[in-house]
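So you can see what is in the structure, the chains are spelled out below.
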Amino acid sequence: MMPKPDFETLVERHSRELFAYLWRLLGDEADARDCLQESFLRAFRAYERLQTTDHLRAWLYKIATNTARSQQARQYRASLRTVALAEPLASGEKGVELQVAERSQLAAVRRAIMVLPERQRAALLLRKYQELEYDEIAATLGCSQSAARANVYQALKKLRAMFNEED
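Calculation criteria
Sequence order as written defines the numbering, with residues in each chain counted from 1. At least 70 in pLDDT is required for a residue's local features to be given in this predicted model, at least 80 for side-chain atom pairs to be given and counted, and no such filter applies to totals for whole chains, interfaces and linings, which use all residues. Only hydrogens and water are set aside; all other atoms, that is, all heavy atoms of the structure, feed into the side-chain values. Going along the chain from the N terminus, every DSSP run of H or I of four or more residues is numbered as a helix, and every run of E of two or more is numbered as a strand. Buried means the residue's accessible area, taken with a 1.4 Å probe over protein chains only, is under 20% of the maximum for its type, while exposed means over 50%, and partly exposed covers the values in between. Residue contacts are counted whenever heavy atoms from the two residues lie within 4.5 Å of one another. Every accessible area reported is derived by Shrake-Rupley at a probe size of 1.4 Å, with residue values counting cover from the shown protein chains alone. Known as pLDDT, the predictor's confidence for each residue is given on a scale from 0 to 100. Definition used for salt bridges: Asp or Glu carboxyl oxygen within 4 Å of a side-chain nitrogen of Lys or Arg. The angle between two axes is taken between their N-to-C directions and runs from 0 to 180 degrees, where each axis is a line fitted to C-alpha atoms and a helix contributes only its stretch in contact. Just so you know how the angles are binned, under 35 degrees is roughly parallel, over 145 roughly antiparallel, 65 to 115 roughly perpendicular, and the rest oblique. In this scheme, a crossing is called left-handed if the near helix is turned counterclockwise away from the far one by less than a right angle; it is called right-handed if the turn is clockwise. Each residue is assigned to one of three groups, with Ala, Val, Leu, Ile, Met, Phe, Trp, Tyr, Cys and Pro labelled nonpolar, Asp, Glu, Lys and Arg labelled charged, and all others, Gly among them, labelled polar.

Participant: Quick question: what am I supposed to make of the overall build of the protein here?
Facilitator: Counting its secondary structure elements, the protein contains seven helices and zero strands. Counting helices and strands in the order they occur from the N terminus, the protein gives α-α-α-α-α-α-α. Put simply, the protein has 167 residues, and 36% of those count as buried. Counted over contacts in the protein with a minimum sequence separation of 6, partners at least 24 positions apart contribute 64%. For the protein, the exposed area adds up to about 10800 Å²; of that, 53% sits on carbon and sulfur atoms.

Participant: I would appreciate a short explanation of the confidence of the model for the protein in the present structure.
Facilitator: Predicted coordinates in areas of low pLDDT are best not read in detail. Considering every residue of the protein, the mean pLDDT works out to 84; 87% of them sit at 70 or more. Helix H2 (residues 29–47) holds the highest mean pLDDT among the elements of the protein, 94, whereas helix H4 (residues 96–114) holds the lowest, 81. pLDDT under 50 marks residues 83–91. Its contacts with residues more than four places away, or in other chains, come to eight contacts.

Participant: Sorry, what's going on with the side chain of Gln120 here?
Facilitator: Considering the arrangement of structural elements, one finds Gln120 in helix H5 (residues 118–129). For Gln120, the residues in contact, after removing those within four places along its chain, are Asn151, Gln154, Ala155 and Lys158.

Participant: What is the right way to look at the pattern of salt bridges in this model?
Facilitator: A pair can form between side chains of opposite charge whenever their charged atoms are brought close. A full pass over the atoms with the stated rule returns six salt bridges. The shortest N-O distance in the salt bridge between Glu29 and Arg33 comes to 2.8 Å. Here Glu29 and its partner Arg33 are both found in helix H2, four residues apart, which amounts to about one turn of the helix. Here Glu38 and Arg42 are joined by a salt bridge, their closest N and O atoms 3.1 Å apart. Note that Glu38 and Arg42 are positioned in helix H2 at a spacing of four residues, about one turn of the helix. The network of salt bridges with shared partners includes Glu17, Arg57 and Glu136.

Participant: Help me understand the packing of helix H1 (residues 7–26) against H2, please; the structure alone is not making it clear to me.
Facilitator: At a closest axis distance of 9 Å, the pairing of H1 and H2 adopts a crossing angle of 140°. One finds that H1 runs oblique with respect to H2. The two elements H1 and H2 cross, and the hand of that crossing is right-handed. Only Glu29, Asp31, Ala32, Arg33, Cys35, Leu36, Ser39, Phe40, Ala43, Phe44 and Tyr47 of H2 make contact with H1, whose side of the interface consists of Phe7, Leu10, Val11, His14, Ser15, Leu18, Phe19, Leu22, Trp23 and Leu26. Residue composition of the contact of H1 with H2, by class: 15 nonpolar, three polar and three charged.

Participant: What is the right way to look at unusual backbone geometry in this model?
Facilitator: The phi torsion of most residues other than glycine is negative, and most of the peptide bonds are trans. One non-glycine residue, Glu131, adopts positive backbone phi at about 55°. On the secondary structure map, Glu131 appears in the loop between H5 and helix H6 (134–141). For Glu131, a relative accessible area of 60% puts it in the exposed group.

Participant: Would you explain H6 in this entry?
Facilitator: Given 3.6 residues per turn, any residue in an α-helix points the same way as the ones three and four places further on. By the criterion of burial, H6 is predominantly enclosed, with six of the eight residues buried. Those residues of H6 lying buried are Tyr134, Glu136, Ile137, Ala138, Thr140 and Leu141. Just past H6, the residue Gly142 takes up positive phi, approximately 70°.

Laid out in structure tokens, this is it:
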């Protein structure tokens with residue numbers, strides 16, 4: 001067992017990757033930043049009680065995943081009471097048609113990922129975007145390595161089927 005690093009070191013070491021994961025999971029930069037802060041606050045509160053340091057990275061991902069779930073639940077409840085406003089088209093050097101096509105394609109991928117079952121979505125994001133190993137995904141999601149593999153496989157299978165149907 002490794003000695004427990006100080007909490008500041010843990011934050012410095014994992015902030016960027018956790019932010020990227022949360023941004024991909026939630027699809028919004030501001031929400032990802034809020035969840036990252038909340039995740040580290042929850043981790044800080046539990047850090048002294050932590051018994052093992054074998055999977056600190058997976059432990060942080062688990063906290064981040066749970067924080068994101070709470071955020072999504074709050075957003076869902078809020079969406080029942082509010083009307084979504086259209087996001088303005090970002091300005092850039094690309095032509096409007098190309099920007100619209102890229103945005104449309106990214107939105108389609110995001111929508112497809114968001115309709116996946118929660119465990120499959122989290123497992124896919126952890127594997128493909130965060131590049132976690134299956135043992136880390138298993139520790140993060142509280143399942144076996146074979147279940148982690150199965151969730152990633154099923155998520156990819158469903159995404160392929162969704163996009164093949166659209167063609």
